[in-house]
Amino acid sequence: MEQKNVKIEESWKAVLNNEFSRSYFKDLSNFVKEEYKTGVVYPKPQNVFRAFELCPFQDTKVVIIGQDPYHGQGQANGLCFAVGGEGQPEITIPPSLQNIFKEIESDLGFAPDRNGDLSRWAKQGILLLNATLTVRANTPGSHQKKGWEEFTDSVIEKLSHEKENIVFILWGNYAKKKGEKIDRARHLVLEAQHPSPFSAYNGFFGSKHFSKTNKYLRDKGLGEIDWK
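Conventions and cut-offs
Within each chain, residue numbers correspond to sequence positions counted from 1 in written order. Note on the predicted model: pLDDT of at least 70 is required for a residue's local features to be given, and 80 or more for side-chain atom pairs to be given and counted; whole-chain, interface and lining totals, by contrast, use all residues. With hydrogens and water excluded, all non-hydrogen atoms of the structure serve as input to the side-chain values. Think of it this way: any DSSP run of H or I at least four residues long counts as a helix, any run of E at least two long counts as a strand, and we number them from the N terminus. Atoms counted for the radius of gyration: C-alpha only. Globule rule: 2.2 Å times the number of residues to the power 0.38. Here, two residues are considered to be in contact whenever any of their heavy atoms come within 4.5 Å of each other. Areas reported as accessible are Shrake-Rupley estimates using a 1.4 Å probe. Residue values count occlusion only from the protein chains shown. Counting rule applied: Lys, Arg positive; Asp, Glu negative; His and chain ends not counted. To locate a charge, the coordinates of NZ of Lys, CZ of Arg, CG of Asp or CD of Glu are taken. Basic side-chain nitrogens of Lys or Arg form a salt bridge, by our definition, when they fall within 4 Å of a carboxyl oxygen of Asp or Glu. The cut-offs for exposure are 20% and 50% of the maximum accessible area for each residue type, with area from a 1.4 Å probe on protein chains only; residues under the lower value are buried, those over the upper are exposed, and the others partly exposed. In this description, a line fitted to the C-alpha atoms serves as the axis of each element, helices being fitted only across the stretch in contact, and the angle between N-to-C directions of two axes falls anywhere from 0 to 180 degrees. Any angle from 65 to 115 degrees is called roughly perpendicular, while one under 35 is roughly parallel, one over 145 is roughly antiparallel, and all others are oblique. Here a crossing is taken to be left-handed if its near helix is turned anticlockwise relative to the far helix by less than a right angle, and right-handed if that turn runs clockwise. In the scheme used here, Gly and all other residues not listed as nonpolar or charged are polar, with Ala, Val, Leu, Ile, Met, Phe, Trp, Tyr, Cys and Pro taken as nonpolar and Asp, Glu, Lys and Arg as charged. Note: the arc covers the axis-to-C-beta directions of the helix. Strand pairing is assigned whenever DSSP detects at least two bridges linking the two strands. We define a nonpolar core as any set of buried Ala, Val, Leu, Ile, Met, Phe, Trp, Tyr and Cys residues linked to one another through side-chain atoms lying within 4.5 Å. Aromatic pairs are defined between Phe, Tyr and Trp rings, using the six-membered ring for Trp, whenever the two ring centres lie within 6.5 Å; interplanar angles under 30 degrees are classed as stacked, those over 60 as edge-to-face, and all others as tilted.

So, the overall build of the protein chain
Then step 1. From N to C terminus, the protein chain includes eight helices and six strands.
Then step 2. The helix and strand sequence of the protein chain, counted from the amino end, reads α-α-β-α-β-α-α-β-β-α-β-α-β-α.
Then step 3. In summary, the protein chain has a C-alpha radius of gyration of 17 Å against a globular reference of 17 Å for 228 residues, a match within 12%.
Then step 4. Projected onto its principal axes, the C-alpha positions of the protein chain cover 45 × 40 × 30 Å.
Then step 5. The long-range share in the protein chain, meaning contacts at least 24 apart out of those at least 6 apart in sequence, stands at 65%.
Then step 6. Summing over all exposed atoms, the protein chain offers an accessible surface of approximately 10900 Å²; the carbon and sulfur share of this is 47%.
Then step 7. The average position of the 31 basic charges and that of the 29 acidic charges among the side chains of the protein chain differ by 1 Å.

Now the structure itself:
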């Protein structure tokens, strides 16, 4: 895939320009196109880069790192931990997102909107970034180790090196490893266990990442996030 054909938000396109001409990205593009042609892949093609569309490079204040898109019908929407969206039928909130909402209520003292789309967060400068941006239906991990991880590593690296005072939120061992190269002298890195039911009670609940994020942004003279 030629650089000019990559449909990604313009500020990100400029920042990531070199990635699109690298051999791994061309191989990844060919693989993903073939997968969409021959089977069911999530999210919809127009939502693969949705996290970037809703949160341009220059507006990014917070990064939450996930792993794979959801692999069930109607769930994945291009934003990590989020489900559904405009024009989608009502989607059951997955357990991890339910636990995120519970922690927000405990931390900030109000019950957030239970709408699972989370585009309301992305539009405030939160990059909701999965490490892998596509997945085959009902086959978790099916698009891992095809090049997406290298691409999203470069996204994190660009943010770390070219911006200051971003809050990186890393939940679970996978995200922590993904964030190992973040410059912690320039940014705030918050780590906790994953919000899944298997680990939420081992350190996710009570981590207070939402209030800590807002305190940091406030102290840096940046706008706080409305975690509604």
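So, next bit.
With respect to the pattern of salt bridges
Should their charged atoms come close, side chains of opposite charge can pair.
Then step 1. Tallied over the entire structure, the rule returns 11 salt bridges.
Then step 2. One salt bridge connects E150 with R22, and the closest N-O pair in it is separated by 2.9 Å. Of this pair, E150 sits in helix α6 (residues 148-162) while R22 sits in the loop between α1 (10-15) and α2 (23-38), placing them 128 residues apart in sequence.
Then step 3. Note on E150: relative accessible area 34%, which makes it partly exposed.

A word on the packing of α2 against α6
Then step 1. With their axes 9 Å apart at the nearest point, α2 and α6 run at an angle of 125° to one another. In this view, α2 runs oblique relative to α6, as classed from their interaxial angle. Here α2 and α6 pass one another in a crossing that is left-handed. For the pair formed by α2 and α6, the contact residues are Y24, F25, L28 and V32 on the first element and W148, E150, F151 and S154 on the second.
Then step 2. Per-class residue counts for the contact of α2 with α6 are six nonpolar, one polar and one charged.

A short note on helix α8 (residues 209-219)
Then step 1. Looking only at α8, the buried set comprises H209, F210, T213, N214, Y216 and L217. All buried residues of α8 fall inside an arc of 160° around its axis, so they share one side.
Then step 2. Those residues of α8 that are buried are in contact with β2 (62-66), α4 (95-108), β5 (167-171) and β6 (188-192).

Some remarks on the sheet that holds β5
Then step 1. Overall, parallel pairing links the four strands, which are arranged β3-β2-β5-β6 in an open sheet. The two strands at the open ends of the sheet, each matched to only one other strand, are β3 (126-130) and β6. Here the strands of the sheet are splayed against their neighbours by 20° on average, with no regard to which way each runs.
Then step 2. Summarising the sheet, β2 and β5 pair through four bridges and their orientation is parallel. Along β5, the bridge assignment pairs I65 with L170.
Then step 3. In this fold α6 packs onto β2, β3 and β5, with an angle of close to 150° to the strand it touches most, β3.

Side note on the nonpolar core
One broad rule of soluble globular proteins: the nonpolar side chains tend to lie buried together.
Then step 1. F52, I64, L127 and F151 are the most contacted members of the largest nonpolar core, which totals 64 residues.
Then step 2. When sequence neighbours within four positions are dropped, the list of residues in contact with F52 reads I8, E9, W12, L127, L129, L133, F151 and V155.

Topic: the packing of aromatic side chains
Then step 1. All chains considered together, the criterion is met by 18 aromatic pairs.
Then step 2. Taken together, a centroid distance of 6.0 Å and an interplanar angle of 65° make the contact between F49 and F52 edge-to-face. Judged on exposure class, the residue F49 and its partner F52 are both buried.
Then step 3. With 4.8 Å between their ring centres and 75° between their planes, F210 and W227 make a pair best called edge-to-face. Of this pair, F210 sits in helix α8 while W227 is found in the segment after α8, placing the two residues 17 residues apart along the sequence.

Thoughts on the pairing of β2
Taken residue by residue, a regular strand's side chains alternate between the two faces of the sheet.
Then step 1. In terms of burial, β2 is a largely internal element, five of the five residues being buried.
Then step 2. Of the two faces of β2, the one carrying V62, I64 and G66 and the one carrying V63 and I65 are both buried.
Then step 3. Both β2 and β3 contribute to a ladder of five bridges, which runs parallel. Across the sheet, the residue bridging to I64 is L128, located in β3.

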